[in-house]
Amino acid sequence: MNSSANPGAVVFKDQIMNSILGWKTACFTTLFCAATAISSPTQTFTTLASFNNTNGSFSQAPLVQGFDGNLYGTTDNGGLKKSGTIFKITLAGKLTLVHYYCSRTNCADGEVPESGLVPATNGDLYGITSSGGSRCSYCGTVFQMSSRGTLFTLHSFDGSDGLNPLGLIQASNADFYGTTSAGGGGSGGTIFRMTPNGTLTTLYNFEDFNYPVAGLVEGTDGNFYGTTITYADGYGTIFKMTPDGAMTTLRSFSGADGSWPVAPLVEGSNRHFYGTTAQGGPASATCVSTGCGTVFEITPEGVLTTLHYFAGPDGLSPSGALLQGTDGNLYGTTSGGGPANSSCYFGCGTIFQITPEGKFTTLHTFEGRDGRYPYVGLVQATDGNFYGTTYVGGTSTACTGGCGTVFRLSMGLRAFVAIVPTANGPGRHARILGTGLTGATSITFNGVAATFTVVSPTEITTTVPAGATTGKVEVVTPRGTLSTNVTFRVF
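Residues numbered from 1 in each chain as written. Predicted model: local features only at pLDDT ≥ 70, side-chain atom pairs only at ≥ 80, totals over all residues. Heavy atoms only, no water.

1. A few points about the packing of aromatic side chains
Okay, so step 1: The full count for this structure, using the stated rule, is 20 aromatic pairs.
Okay, so step 2: Plain terms: the ring middles of Phe-45 and Phe-366 are 5.6 Å apart, the flat faces sit at 85° to each other, and that makes the pair edge-to-face. You can see Phe-45 sitting in strand S1 (residues 44-50) and its partner Phe-366 sitting in the loop between strand S26 (360-365) and strand S27 (379-380), a full 321 residues away along the chain.
Okay, so step 3: Relative to Phe-488, the ring of Phe-445 lies with its centre 5.3 Å away and its plane at 80°, an arrangement referred to as edge-to-face. (Phe/Tyr/Trp six-rings, centres within 6.5 Å; stacked < 30°, edge-to-face > 60°. Helix = DSSP H or I, 4+ residues; strand = E, 2+ residues; numbered from the N terminus.)

Below, the structure written as structure tokens:
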């Protein structure tokens, strides 16, 4: 990593790892830690690739699926300048370097891209770097990457408008929204809105030692939801913000119900939000002082229900966002925990499934060569499988302990199509992502036929038809009918 990078951007997950390695445990002398993953006949785990430092190392950003069908991600180290990379990987596991950071004078293109990329409605990918830029060497940038892999810096932060951006989403109005972990008018970070062309507006300045630690999610009610950490007690909050910047605190954690909500929330099909805390909950033999973390559900009105308390053998410190799969279950990772082994004294991390009602199942426990410490959540690609990365581990010797991995978890779920955006009005354009789309004969929006153009085997462009209502979008292909993984909202 370039020495000019601001370490404040990575402090949250570094502190989580320090907590993992520093917690005391008595469980290694008992059978309590002998937790094992539960496999079904259709469940298969595959390590697809190990980073080798040249193509990147230490990924702590979730993958996304591009319109070409490949997965794209970032690493916050590695590449020619050791300042991070953008990579793509096929669903079969062929990994390719797309861009290395600090490739421009004074790192004007940014460095340390800690957050995931965003497939936008114009077909390009957008993202942020937590450091670098042309206006401040450690403040960070927002960038756009074309389908050909050309990177354009849209905005460089200078501190007054925030620094160390954390995450980015494209909202239903086509603008991008994100957070910064510091800087701004209150010095505690900001929430900003940015047009696709790069015009940035600060919507909210955090104060009172309360700073955001993850990106936002747009609810179906049109509001934005996110999380913060508070310096005073270290526990954190969940907030709701209207599109014009009016802020409401929905929940303040107390420690007993969780602390350190460092991952973005996800909205479930029931319009409730789900998330994790990296610490908190009751003490256990593994986490004797802080608790190992939680999974929770919260309504838009702020009613919180704890669905699961981690204890160590089932994982600890979940720091990535949850994902609702096409089967209705929630999937996630823990950055540590699981059975101890020679690679990880406190366990290398886990993949888990939890129902919206709270039934918890460990699906996979990492051992080292298949990866260690999956800091981020999963993505479900249109082939129905789940994909993710680990921060270290794997087979490469270019990094001490391995440079990290990319993996696939198959649960036997059916293929589907995704649509960008997931909400729009009649007469507006949308892109459909899938596999085997060549020869498609019909697209319907909740039963209403739409005009469309097949761009490639993985992409279709379409227009929301007059008379369409909120519901699933279906694509009829020669291989069968594919439905969207989420309900498309018509406004």
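Here the narrative resumes.
2. Description of unusual backbone geometry
Okay, so step 1: In this chain, Val-420 is followed by Pro-421 through a cis amide linkage whose omega measures 0°.
Okay, so step 2: Relative to the helices and strands, Pro-421 resides in the loop between strand S30 (418-420) and strand S31 (423-424).
Okay, so step 3: Despite not being glycine, Phe-58 has its phi angle at roughly 65°, a positive value.
Okay, so step 4: Mapping Phe-58 onto the fold places it in the loop between S1 and strand S2 (64-65).
Okay, so step 5: The backbone phi angle of Trp-260 is positive, close to 65°, even though this residue is not glycine.
Okay, so step 6: Relative to the helices and strands, Trp-260 resides in the loop between strand S18 (247-252) and strand S19 (266-267).

3. Overview of the environment of Thr-361
Okay, so step 1: You can see Thr-361 is positioned in strand S26.
Okay, so step 2: Residue class for Thr-361 comes out buried when judged on its relative accessible area of 14%. (Buried < 20%, exposed > 50% of the residue type's maximum accessible area, 1.4 Å probe, protein only.)

4. What about the sheet that holds strand S38 (residues 480-483)?
Okay, so step 1: Spatial ordering of the open sheet is given by S34-S33-S37-S38, a layout of four strands whose pairing is antiparallel. One side of each edge strand has no neighbouring strand; the edge strands of this open sheet are strand S34 (448-449) and S38.
Okay, so step 2: Pairing between strand S37 (residues 473-477) and S38: four bridges, direction antiparallel. Bridge pairing in S38 places Val-476 opposite Thr-481. (Pairing = 2+ DSSP bridges.)

5. A closer look at the pairing of strand S8 (residues 141-145)
Okay, so step 1: Of all five residues in S8, five are buried, a share of seventy percent or more.
Okay, so step 2: Residue alternation in S8 divides its side chains into two sets, Thr-141, Phe-143 and Met-145 and Val-142 and Gln-144, and both sets are buried.
Okay, so step 3: Note that strand S7 (residues 125-129) and S8 share five bridges and pair antiparallel. Looking at S8, one finds that Tyr-126 is bridged to Gln-144.
Okay, so step 4: Pairing of S8 with strand S9 (residues 151-156), which is carried by five bridges, proceeds in the antiparallel orientation. Directly across from Thr-141, in S9, lies its bridge partner Ser-156.
Okay, so step 5: Connecting S8 to the antiparallel partner S9 that follows it, the hairpin turn spans five residues, and Gly-149 within it adopts a positive phi of roughly 90°.

6. Description of the state of the cysteines
Okay, so step 1: Counting across every chain of the model gives five disulfides.
Okay, so step 2: Covalently, Cys-102 is tied to Cys-107 through a disulfide, its sulfur atoms 1.8 Å apart. Its torsion about the S-S bond being 95°, the disulfide of Cys-102 and Cys-107 is classed as right-handed. The same class applies to Cys-102 as to Cys-107, namely buried.
Okay, so step 3: Two residues share a disulfide in this structure: Cys-344 and Cys-348, whose sulfurs sit 1.8 Å from each other. (Disulfide = S-S within 2.5 Å.)

7. Comments concerning the pattern of salt bridges
Okay, so step 1: Using the criterion set out here, one finds four salt bridges in the structure.
Okay, so step 2: Among the salt bridges present, the one from Asp-161 reaches Arg-135, with a minimum N-O distance of 3.7 Å. Pair noted here: Asp-161 is in the loop between S9 and strand S10 (163-170) and Arg-135 is in the loop between S7 and S8, with a separation of 26 residues, a long-range link.
Okay, so step 3: Exposure remark for Arg-135: the relative accessible area of 45% places this residue in the partly exposed category.
Okay, so step 4: Measuring nitrogen to oxygen at the nearest pair gives 2.7 Å for the salt bridge that ties Arg-251 to Asp-257. (Salt bridge = Lys/Arg side-chain N within 4 Å of Asp/Glu carboxyl O.)

8. Here's the deal with the nonpolar core
Okay, so step 1: Ranked by internal contacts, the top residues of the largest apolar core, which has 34 residues, are Leu-71, Ile-89, Phe-386 and Tyr-387.
Okay, so step 2: Elements with a minimum of two residues in this core: S1, strand S4 (85-89), strand S28 (386-390) and strand S29 (405-410).
Okay, so step 3: Among the elements that make up this core, the one with the highest residue count is S29 (three residues).
Okay, so step 4: Those residues in contact with Ile-89 that sit more than four places away from it in its chain are Leu-48, Ala-49, Asn-70, Leu-71, Lys-94, Leu-95 and Val-406.
Okay, so step 5: Within the second largest apolar cluster, 17 residues are counted, among which are Ile-432, Ile-460, Val-473 and Val-490. (Core = buried A, V, L, I, M, F, W, Y, C linked by side-chain atoms within 4.5 Å. Contact = heavy atoms within 4.5 Å.)

9. Examining the side chain of Ser-115
Okay, so step 1: Here Ser-115 is to be found in the loop between strand S5 (95-100) and strand S6 (118-119).
Okay, so step 2: Accessibility expressed as a relative area gives 10% for Ser-115, which makes it buried.
Okay, so step 3: Those residues within four positions of Ser-115 in sequence are excluded, and the remaining contacts are Ala-61, Thr-74, Ile-128, Leu-166 and Gly-167.

10. Describing the sheet that holds strand S13 (residues 200-205)
Okay, so step 1: Taken in spatial order, the four strands make up an open sheet running S10-S11-S12-S13, and their pairing is antiparallel. Each edge of the open sheet carries a strand with a single partner, namely S10 and S13. Averaged over all adjacent pairs, the angle separating strand axes in this sheet is 25°, with direction ignored.
Okay, so step 2: Pairing analysis gives five bridges linking strand S11 (residues 176-182) to strand S12 (residues 190-194), with the strands arranged antiparallel. The residue bridging Phe-176 from the neighbouring strand is Met-194, located in S12. (Axes fitted to C-alpha atoms, helices over the stretch in contact; angles between N-to-C directions.)

11. Overview of the pairing of S28
Okay, so step 1: In terms of burial, S28 is largely enclosed, as five of its five residues are buried.
Okay, so step 2: Residues of S28 alternate between two faces, with Phe-386, Gly-388 and Thr-390 on one and Tyr-387 and Thr-389 on the opposite face, all of them buried.
Okay, so step 3: Two elements, S27 and S28, share two bridges in a ladder whose sense is antiparallel. Note on S28: the bridge partner recorded for Gln-380 is Phe-386.
Okay, so step 4: Where S27 hands over to S28, the hairpin turn is made up of five residues, of which Gly-384 adopts a positive phi near 90°.
Okay, so step 5: With five bridges joining them, S28 and S29 adopt antiparallel strand pairing.

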